[in-house]
Amino acid sequence: MNSAPQSSRRISKGKLTVLPLVAATYFMVSGGPFGLEDVIQSAGYAGALLILVLTPLLWSLPTAMMVGELASAIPKEGGFYVWVTRGLGKFWGFQESWLSLAGAVFEMALYPTLFVAYLGHFAPALTAGYRGPLIGLAMIAVCTAWNISGARSVGTGSTIFSILLLSPFAALTIVALMHRSAAGAAVAPAPLSHADLLGGILVAMWNYMGWDNASTIAGEVDRPQRTYPRVMWIAVLVVAVSYLIPVAAVARAGIDPNLWTTGGWVDIGRILAGNWLAAAIALAGIVGAIGTFNALMMSFSRLPLVMAQDGYLPRIFTRLHHRSGAPWVAIIFCAVAWAGCMFLGFERLIILDVLVTGLSIMLEFWALTGLRFREPGLPRPYRVPGGIIGTILIGLPPLALMVAAVFCNHSERLGPLNALYVGLLIIAAGPILYFLARPRRTVK
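Residues numbered from 1 in each chain as written. Predicted model: local features only at pLDDT ≥ 70, side-chain atom pairs only at ≥ 80, totals over all residues. Heavy atoms only, no water.

### Thoughts on the overall build of the chain
So, point 1. Broken down by element type, the chain carries 19 helices and two strands.
So, point 2. Taking the contacts inside the chain whose residues are at least 6 apart along the sequence as the reference set, 82% of them involve residues at least 24 apart. (Helix = DSSP H or I, 4+ residues; strand = E, 2+ residues; numbered from the N terminus. Contact = heavy atoms within 4.5 Å.)

### Some points on the packing of aromatic side chains
So, point 1. In this structure the tally under the stated criterion is 17 aromatic pairs.
So, point 2. On the basis of an interplanar angle of 80° and a centroid distance of 5.0 Å, the ring pair of Phe91 and Trp92 is categorised as edge-to-face.
So, point 3. On the basis of relative accessible area, Phe91 is assigned to the partly exposed category, the value being 23%.
So, point 4. Here Trp92 falls in the partly exposed class, since its relative accessible area comes to 40%. (Phe/Tyr/Trp six-rings, centres within 6.5 Å; stacked < 30°, edge-to-face > 60°. Buried < 20%, exposed > 50% of the residue type's maximum accessible area, 1.4 Å probe, protein only.)

### Comments concerning a nonpolar patch on the surface
So, point 1. Among the surface-exposed residues, Ile389, Ile392, Leu393, Leu396, Leu399 and Val403 lie close enough to one another that they form a single nonpolar patch of about 530 Å² accessible area.
So, point 2. Put simply, the parts of the chain that give the nonpolar patch at least two residues each are α17 (387–393) and α18 (396–408).
So, point 3. Topologically, Val403 is positioned in helix α18. (Patch = residues over 30% accessible without salt bridge, like charges linked within 9 Å, V, L, I, M, F, W, Y side chains within 5 Å. Areas by Shrake-Rupley, 256 points an atom, 1.4 Å probe, with all protein chains shown as cover. Salt bridge = Lys/Arg side-chain N within 4 Å of Asp/Glu carboxyl O.)

### Side note on the pattern of salt bridges
So, point 1. A full pass over the atoms with the stated rule returns seven salt bridges.
So, point 2. Among the salt bridges present, the one from Arg86 reaches Glu375, with a minimum N-O distance of 2.8 Å. With a gap of 289 residues between them, Arg86 in helix α4 (residues 80–88) and Glu375 in the loop between α16 (349–374) and α17 connect regions that are remote in the sequence.
So, point 3. Judged by relative accessible area, which is 15%, Arg86 ranks as buried.
So, point 4. Here Glu220 makes a salt bridge to Arg302, at a shortest N to O gap of 2.7 Å. Placement of the pair is Glu220 in the loop between α10 (197–207) and α11 (224–253) and Arg302 in helix α14 (residues 302–309), with a sequence separation of 82 residues.
So, point 5. By sharing partners, the salt bridges in this structure join Glu69, Arg372 and Arg380 into a single network.

### Re the confidence of the model for the chain
So, point 1. Overall, the predicted model of the chain reaches an average pLDDT of 84, with 85% of residues at or above 70.
So, point 2. Here helix α1 (residues 6–9) stands out as the element of the chain with the lowest mean pLDDT, 40, in contrast to α4, whose mean of 95 is the highest.
So, point 3. Contacts from residues 1–12, a stretch scored under 50 in pLDDT, to residues over four places away or in other chains number 19 contacts.
So, point 4. Counted against residues more than four places away or in other chains, residues 181–188, with its pLDDT under 50, gives five contacts. (pLDDT = per-residue confidence, 0-100.)

### Concerning the nonpolar core
So, point 1. Core analysis: the largest hydrophobic core is formed by 124 residues, its most contacted members being Met66, Met108, Phe115, Val250, Trp265, Leu272 and Phe293.
So, point 2. No other element matches the 16 residues that helix α3 (residues 37–73) contributes to this core.
So, point 3. Grouped together as the second largest cluster of nonpolar side chains are nine residues, Val84, Val356, Leu363 and Ile426 included. (Core = buried A, V, L, I, M, F, W, Y, C linked by side-chain atoms within 4.5 Å.)

### A look at the side chain of Thr25
So, point 1. Its location among the elements puts Thr25 in helix α2 (residues 18–29).
So, point 2. Overall, Thr25 belongs to the buried group, its relative accessible area being 0%.
So, point 3. Excluding residues that lie within four positions of it along the chain, Thr25 makes contacts with Trp211, Ala214, Val231, Met232 and Ala235.

### So, empty space enclosed by the protein
So, point 1. Going through the model one piece at a time under the given rule, you end up with two cavities of 30 Å³ or more.
So, point 2. Reported here for the second largest cavity is a volume of approximately 50 Å³.
So, point 3. Every residue along the wall of the second largest cavity is listed here: Ser100, Gly103, Ala104, Glu107, Met209, Gly210, Asn213, Phe300 and Thr357.
So, point 4. Among the elements that line the lining of the second largest cavity, the one with the most residues is helix α5 (residues 90–108), at four residues. (1 Å grid on protein atoms, 1.4 Å probe; cavity = no way out; pocket = protein on both sides within 12 Å on 5 of 7 lines; lining within 4 Å. Points joined across faces, edges and corners; volume = space filled by probe spheres on them.)

### Quick look at the side chain of Ser158
So, point 1. Tracing the sequence through the fold places Ser158 in helix α9 (residues 151–183).
So, point 2. Discounting chain neighbours no more than four positions away, the residues touching Ser158 are Ala23, Ala24, Phe27 and Ala295.

### Some thoughts on unusual backbone geometry
So, point 1. For Arg223, which is not glycine, the phi torsion reads 45° and is therefore positive.
So, point 2. Relative to the elements of secondary structure, Arg223 occurs in the loop between α10 and α11.

### Description of the packing of α11 against helix α12 (residues 264–273)
So, point 1. Where α11 contacts α12, the axes come no closer than 12 Å and their chain directions differ by 45°. Relative to α12, the element α11 lies oblique. Here the hand of the crossing between α11 and α12 comes out left-handed. Where α11 abuts α12, its residues Pro246, Val247, Val250 and Ala253 lie against Trp265, Ile268 and Leu272. (Axes fitted to C-alpha atoms, helices over the stretch in contact; angles between N-to-C directions. Parallel < 35°, antiparallel > 145°, perpendicular 65-115°, else oblique. Left-handed = near helix turned anticlockwise from the far one by under 90°.)

Quick look at the structure:
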């Protein structure tokens, strides 16, 4: 494998340490308890709590262990793209990057829309008509400038945003616990009107997805060999706790699970404590949308950088900002692409994101095993226990969840098209694009 290119070694200012990287990883994976509403509506409180316990055990922990080993062994800019290329070859490395960038289109289209939706809770007239999309574009522009200022700036902002985001949910937890003690025994809720356990698992997978995204900025992390394993374990715990505690508290308060809809945290806050808590949670939604978009922009924008360094994209994508070292051309390119996708009005985005991004994660598990065969002597500050058998076994639970998600949603539709078929077309485009991009490859 070639040594790190000169442009990667120039990224030396403002390295990310453990706490800012934990905060950035939290937003890359979670962005708060928002999105759990459909899990509760589909599975009820008992089912939701079971799903929120089992999903990190079967999905997050194996992925975090995989990322911990590979990020500490190969701490290079580009992260999972470099791992898969090194473990499985150039063809599969390209597929990894393509799947990740394609999944990013569906995911990143969500956050400006969520930002505008939560802002509308405060000032409906401000977001009405054409003003809503313009505000969404303004958010993208702000995050673009923020990212160009460097990874450390994004990490510091993520730390502050995580406090602002989680504070209203801490208040909601306290109020919910007091509500139960004041109200006495709660009335048993009505049976679920939209019970769908597998659908709840799918949404939970999406809420626990993104651990590998932190790897693409490894060249901008302080002592990555030590930092990444610690960050993964801390972030898994923080995400799981931030989901379980508020859901358990609301369940104990006896709120009917049939009342939950998308954006339902605001309504639950209003039921429990009135408009002040509803407004605080809506504000947290704004913070979560900005923080998640900002952190993911930092992650995904490094992929065009390293692909250009390998000759798959024009060399202009390798240009770095003279002060921050951020890949400013790649950041602007991604921002423009995502801004264009904001107007497509995607439905069932989660299905496509789980399918496409989930497959890219499976490639990383296979690269983990492949590197144990190809480079057994590679220094690994953190190792998945159990040798090669262990690396195979930890990939089986995520694979099982992926198969279940596809089986559960094989009939869902994206407008007039079957969503599964759309996902398969995106996957099939990867090999075609690889051979079209081959003439651009240059020898370093």
